[in-house]
Amino acid sequence: MGFFDKLKKINIFASFGSELTDDFYDELEESLILADTGMDTTLELVEELRRRVRAQGIKTLEQARSCMVEVIADALNAGEPGLDLSTTPSVILFIGVNGVGKTTTIGKIGAQLRREGKKVLFCAADTFRAAAAEQLTIWSDRAGVDIVKQHEGADPAAVVYDAMSAAKARKTDVVLVDTAGRLHNKQNLMNELNKISRVIDREGPGCARETLLVLDATTGQNGLIQAKQFKEAAGITGIVLTKLDGTAKGGIAIAIAKELGVPVKYAGVGEGVDDLKPFDAREFAQALI
Ligand SMILES: Nc1nc2c(ncn2[C@@H]2O[C@H](COP(=O)(O)OP(=O)(O)OP(=O)(O)O)[C@@H](O)[C@H]2O)c(=O)[nH]1
Ligand SMILES: [Mg+2]
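Quantities reported herein were computed from a predicted structural model and do not represent experimental measurements.

Colleague: Explain the packing of aromatic side chains to me, please; I cannot follow it from the model alone.
Modeller: A ring pair, where both rings are aromatic, is described by two values, the distance of the centres and the angle of the planes. For the structure on display, the rule yields two aromatic pairs. Residues Phe-24 and Tyr-25 carry aromatic rings whose centres are separated by 5.2 Å and whose planes lie at 65° to one another, so their mutual orientation is edge-to-face. Taken as a pair, Phe-24 and Tyr-25 share a single burial class, namely buried. Seen from their ring centres, Phe-279 and Phe-284 are 5.0 Å apart, and the 45° between their planes marks the pair as tilted. It is Arg-50 that lies over the ring of Tyr-25; its NZ or CZ is 4.1 Å from the centre. Over the aromatic face of Trp-139 sits the side chain of Arg-142, whose NZ or CZ is 4.3 Å from the ring centroid.

Laid out in C-alpha cells, this is it:
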C-alpha cells in the first residue's frame with residue numbers, strides 16, 4: 001500500500017472517454033476545485049496542462065494524465081522540502097489553530113528523529129491547559145525523548161527559555177516546541193508567538209530554525225486563509241498537512257505551494273506514531289490523479 005492510498009482520487013481520467021475535449025478540461029477543473037485546490041490555482045493548473053498538451057502534441061487521455069501529474073508535482077515544488085537541522089541544537093516550532101494535530105505531529109517527528117539516532121527534546125510551550133503538557137509527556141515516553149515543561153498557565157516563553165538552556169547543556173540535536181492552538185486573527189496570541197521566537201533567537205543565536213504550520217486537510221480552502229495569515233504574522237518555513245486519511249482531498253497543498261510559495265514538508269495520515277511521512281510531491285500528485 002502506498003502512503004497516499006487513502007487519498008480521495010480525481011477519477012475523471014478513469015471515467016472519461018479517450019478524447020481531450022473541452023468537456024474534459026471543464027470536468028478536470030471541476031474535480032480540482034472539489035478537491036480543495038481553489039479557483040485561481042485550478043485555472044492556472046489546467047491552463048498549464050493545455051499549454052503542455054499543445055507543446056508536446058499529446059493526444060491520448062493516458063498521456064494527459066501523466067502530464068497532469070507533472071504539472072501538479074511542479075506546482076508543489078516550492079522551496080526546500082526537507083528540514084534544516086544543521087546546527088546543534090536546531091529548533092522546530094509548531095504552530096497552528098486548535099486541534100489540527102500539532103502535538104501529535106511532534107510525537108511522530110520526535111520518534112522518527114530519535115530512530116535516526118538524534119538527541120531530541122520536547123518543549124511543552126502550550127501552557128494554556130494542563131492536559132496539553134500531559135499529552136506531550138505521553139508522546140515523549142512513546143518516542144523515548146526528554147521533555148521540558150512547567151505548570152499550567154506558565155509563560156510559554158519561559159518554558160522555551162528552559163528548553164533552550166537544557167538543550168545547550170545536554171547537547172541536544174533538535175528541540176521540538178509545542179504551542180497552544182491559536183486563531184490566526186488574535187493579536188495577543190500572535191504576539192506570544194513572536195515572544196517565543198525572540199527567546200529562541202536570543203538563547204540560540206545562529207540556530208537552524210524551522211517554523212512549521214500544521215494544517216488540518218479536512219478544513220479545505222480555509223487552510224489557505226490560515227496559511228496566509230500565519231505566514232504574515234509569524235513567518236513559516238513549511239506546512240504539515242494532517243488528516244489526509246478520512247475525507248480530505250489535499251488539493252489545498254497545491255494551492256499553498258503555488259500561491260504562497262511555502263512547501264508542504266510532512267503529511268499525516270492517521271493517529272499512530274508511524275502515520276507521518278516527508279511529503280513527496282510526485283507521489284502525492286500520482287495518488288491524486
Ligand atoms: N485521522 C487523523 N487524525 C489525526 C492526525 N493528526 C492528528 N490527529 C488527531 O487529531 C486530534 C488533535 O490532535 P492534537 O495533536 O491534539 O492537535 P493540536 O493541534 O495539538 O491541538 P491543540 O493543542 O488543542 O491546539 C487528535 O485526536 C489526533 O489523534 C492525522 O494525520 N490523521
Ligand atoms: Mg496540542
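Further notes follow.
Colleague: It is not clear to me how the pattern of salt bridges should be interpreted in this structure. Could you clarify?
Modeller: Where side chains of opposite charge bring their charged atoms close, a pairing between them can arise. Applying the stated criterion across every chain yields a total of 16 salt bridges. Arg-50 serves as the salt-bridge partner of Asp-22, at 3.4 Å between the closest nitrogen and oxygen. A residue pair is termed long-range when its members are at least 10 positions apart, and Asp-22 in helix α2 (residues 22-34) and Arg-50 in helix α3 (residues 39-56) qualify at 28 residues. With a relative accessible area of 51%, Asp-22 lands in the exposed category. The partner of Lys-277 in a salt bridge is Glu-283, with the nearest N and O atoms 2.9 Å apart.

Colleague: Help me out: how do you make sense of the packing of helix α7 (residues 156-170) against helix α8 (residues 187-203) in this one?
Modeller: Between two packed helices, what matters for the description is the angle formed by their axes and the separation of those axes. Axis separation between α7 and α8 bottoms out at 9 Å; the angle between their running directions is 20°. Considering their axes alone, α7 and α8 lie roughly parallel with respect to each other. Pair α7 / α8 crosses with right-handed handedness. Each of Pro-156, Ala-157, Val-160, Tyr-161, Met-164 and Lys-168 in α7 lies in contact with α8, whose residues at this interface are Glu-192, Lys-195, Ile-196, Val-199, Ile-200, Arg-202 and Glu-203. Residue composition of the contact of α7 with α8, grouped by class: eight nonpolar, no polar and five charged.

Colleague: Can you walk me through the nonpolar core in this structure?
Modeller: Note on soluble globular proteins: their nonpolar side chains tend to be buried together. In terms of nonpolar packing, the biggest core is built from 101 residues, with Leu-28, Met-68, Ile-72 and Leu-176 touching the most fellow members. Leu-28 has contacts with Ile-10, Ile-12, Phe-13, Val-46, Leu-49 and Met-68, leaving out every residue within four places of it along the chain.

Colleague: I tried to follow the side chain of Ser-90 on my own but got confused; where do I start?
Modeller: With respect to the helices and strands, the residue Ser-90 is situated in strand β1 (residues 90-95). Within polar-contact distance, the side chain of Ser-90 engages the backbone oxygen of Thr-87 at 2.5 Å. When sequence neighbours within four positions are dropped, the list of residues in contact with Ser-90 reads Asp-84, Leu-85, Asp-173, Val-174, Val-175 and Ala-208.

What counts and what doesn't
Residues numbered from 1 in each chain as written. Chains lettered and ligands numbered in written order. Predicted model: local features only at pLDDT ≥ 70, side-chain atom pairs only at ≥ 80, totals over all residues. Heavy atoms only, no water. Phe/Tyr/Trp six-rings, centres within 6.5 Å; stacked < 30°, edge-to-face > 60°. Buried < 20%, exposed > 50% of the residue type's maximum accessible area, 1.4 Å probe, protein only. Lys NZ or Arg CZ within 6 Å of the ring centre and 35° of its normal. Salt bridge = Lys/Arg side-chain N within 4 Å of Asp/Glu carboxyl O. Helix = DSSP H or I, 4+ residues; strand = E, 2+ residues; numbered from the N terminus. Axes fitted to C-alpha atoms, helices over the stretch in contact; angles between N-to-C directions. Parallel < 35°, antiparallel > 145°, perpendicular 65-115°, else oblique. Left-handed = near helix turned anticlockwise from the far one by under 90°. Contact = heavy atoms within 4.5 Å. Nonpolar A, V, L, I, M, F, W, Y, C, P; charged D, E, K, R; others polar. Core = buried A, V, L, I, M, F, W, Y, C linked by side-chain atoms within 4.5 Å. Polar contact = N/O pair within 3.5 Å; in protein donor to acceptor, adjacent residues only side chain to side chain.

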